[in-house]
Amino acid sequence: PRPPSVRMDEIQKIVFEIADRCQRRKIPVTDMLAAFVAKTIILENPDKFQLDRAMSQEDVEGLVSMAVTRLSKEDDPSLETLRMQVAFDAAYVERQEALEKDKAGTNRAYSLLEQSICATKLASTKDVAGMGQMHRLIIAALLTRTGQNPSNDVFQREVAAALESVLPRANLYPFTALDYADKRDRLVDLHNYVLGIRLFNKSLGKGGSGLGDKIRDASEEVLALGQSVMNQLGDTEKVVGDMQAVINFAFKNGEKASTSKLPVQRLQDELAYRRQYIGFLQSFEQEIATSQEQMHNIALDYDAHMEELRELVGRKSAVPKERVYPLFEGLSKLWMEAKDVEMHNGALQAIFDELVTFNAPNFKSMLMEEDVSAAYRDQQGEEDVSAAYR
């Protein structure tokens, strides 16, 4: 059988050579952009770079040379459109990977503590040292799952106080006697109850050290990013409307002296660049709308849980656990959900910040104010004539 046109090691060498030559010319090029341009050139030249045969050294040199020539172009909207697409894709992948890595780190740390807790069984109720070690492990696990430093003395004391009302130290022996799966489930319950108690105490001004108001913070950050995206969309859609009006004006008037010098192809390339930018902004808009709805529902549920707890506790009489524990659990789950939304929004914000650098393109726009005015005057004249014949 014939060898494939380009093996993986050959692709890497080609990409490296393109990027290296560009860097020597002081042209900023990432490996991803070099690969994208090389692929584009191969697809544009099927006769020269045939997919059913291996590339010769001459083919490779020709591909590298063509790619470097394209990447060396200045004042080129088409090239900048490619740059924007590659930068957006790279930023998206990078931030998603960072987010997943952060979550994986927390999950790994918690999992190690969970395994130690679930695998430990105390010899007897008199195993004081064992109970002390178990108590410390549980506190560390609960703080880790919340995303707080398990070595912080203030956090430790606060969790220990809340834990005592849910699982007193005297009851640690029965807890360790549970089987592995039950202990694991019980640990999740302990996290929810303890975090819920801390959040409730925080609302009373009596605790919740380092927890932060995730409901408010996440809601405000999502709204702020949404507003920034809307502003960018509004401004860019205005520019796109102006470009489209000028291009339509030029096509309508053909070779008339007033329009024959308009750089129509260049404006179409600029229009493609702006539309690409709008497309990326719209993808943000959809994700942010989902987050806004999510945070709206979280905030409503959180406030309802908190209000119900205040009513129950405010009655001064003994409150049954079966009434308050589900509410503590609800607070905890909603707070953790808001924390996830906040982290996701932070990743979106970083990607958006990268995208916004392309709002001021690295080319000189050929859209002139006088051409825009002429196009809209012509458009208005047409509308006036149409109105006169109605």
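Conventions we followed
- Residues numbered from 1 in each chain as written.
- Predicted model: local features only at pLDDT ≥ 70, side-chain atom pairs only at ≥ 80, totals over all residues.
- Heavy atoms only, no water.
- Patch = residues over 30% accessible without salt bridge, like charges linked within 9 Å, V, L, I, M, F, W, Y side chains within 5 Å.
- Areas by Shrake-Rupley, 256 points an atom, 1.4 Å probe, with all protein chains shown as cover.
- Salt bridge = Lys/Arg side-chain N within 4 Å of Asp/Glu carboxyl O.
- Lys, Arg positive; Asp, Glu negative; His and termini not counted.
- Charge placed at Lys NZ, Arg CZ, Asp CG, Glu CD.
- Helix = DSSP H or I, 4+ residues; strand = E, 2+ residues; numbered from the N terminus.
- Buried < 20%, exposed > 50% of the residue type's maximum accessible area, 1.4 Å probe, protein only.
- Axes fitted to C-alpha atoms, helices over the stretch in contact; angles between N-to-C directions.
- Parallel < 35°, antiparallel > 145°, perpendicular 65-115°, else oblique.
- Left-handed = near helix turned anticlockwise from the far one by under 90°.
- Nonpolar A, V, L, I, M, F, W, Y, C, P; charged D, E, K, R; others polar.
- Phe/Tyr/Trp six-rings, centres within 6.5 Å; stacked < 30°, edge-to-face > 60°.
- Lys NZ or Arg CZ within 6 Å of the ring centre and 35° of its normal.

> What am I meant to see in a negative patch on the surface here?
There is a patch of like negative charges on the surface, built from Glu94, Glu97, Glu100, Asp353 and Glu354. Elements that contribute at least two residues to the negative patch include exactly helix H4 (77-119) and helix H11 (321-356). Here the negative patch takes three residues from H4, the largest share from any one element. For glutamate 354, the location among the structural elements is in helix H11. Given a relative accessible area of 33%, glutamate 354 falls into the partly exposed group.

> Help me out: how do you make sense of the pattern of salt bridges in this one?
Between side chains of opposite charge, a pair can form when the charged atoms approach closely. Tallying each qualifying case throughout the model produces 16 salt bridges. Its salt-bridge partner being aspartate 242, residue lysine 238 comes within 2.8 Å of it at the nearest N-O pair. Of this pair, lysine 238 and aspartate 242 both sit in helix H9 (residues 214-253), four residues apart, roughly one helical turn. For aspartate 242, a relative accessible area of 8% gives the class buried. Residue arginine 310 is joined to glutamate 307 by a salt bridge in which the shortest nitrogen-to-oxygen separation is 4.0 Å. With arginine 310 and glutamate 307 both in helix H10 (residues 264-313) and three residues apart, this pair spans about one turn of that helix. The partly exposed category is assigned to arginine 310, whose relative accessible area is 36%.

> When you look at the packing of H10 against H11 in this model, what are you seeing that I'm missing?
Each pair of packed helices can be described by the angle between their axes along with the distance between the axes. In contact at an axis separation of 9 Å, H10 and H11 are set at 160° when each is read in the N-to-C sense. The angle between H10 and H11 places the two elements in the roughly antiparallel class. Pair H10 / H11 crosses with left-handed handedness. Of the residues assigned to the contact of H10 with H11, the class counts are 25 nonpolar, five polar and five charged.

> Would you take a moment to explain the packing of aromatic side chains for this structure?
Each aromatic ring pair is specified by the distance between its two centres and by the angle formed by the two planes. Applying the stated criterion to the full structure yields eight aromatic pairs. Here a set of aromatic residues connected by ring pairs shows up, and it is made of Phe88, Tyr92, Phe280, Phe284 and Phe352. Sitting over the face of the ring of tyrosine 110, arginine 145 holds its NZ or CZ atom 5.0 Å from the ring centroid.

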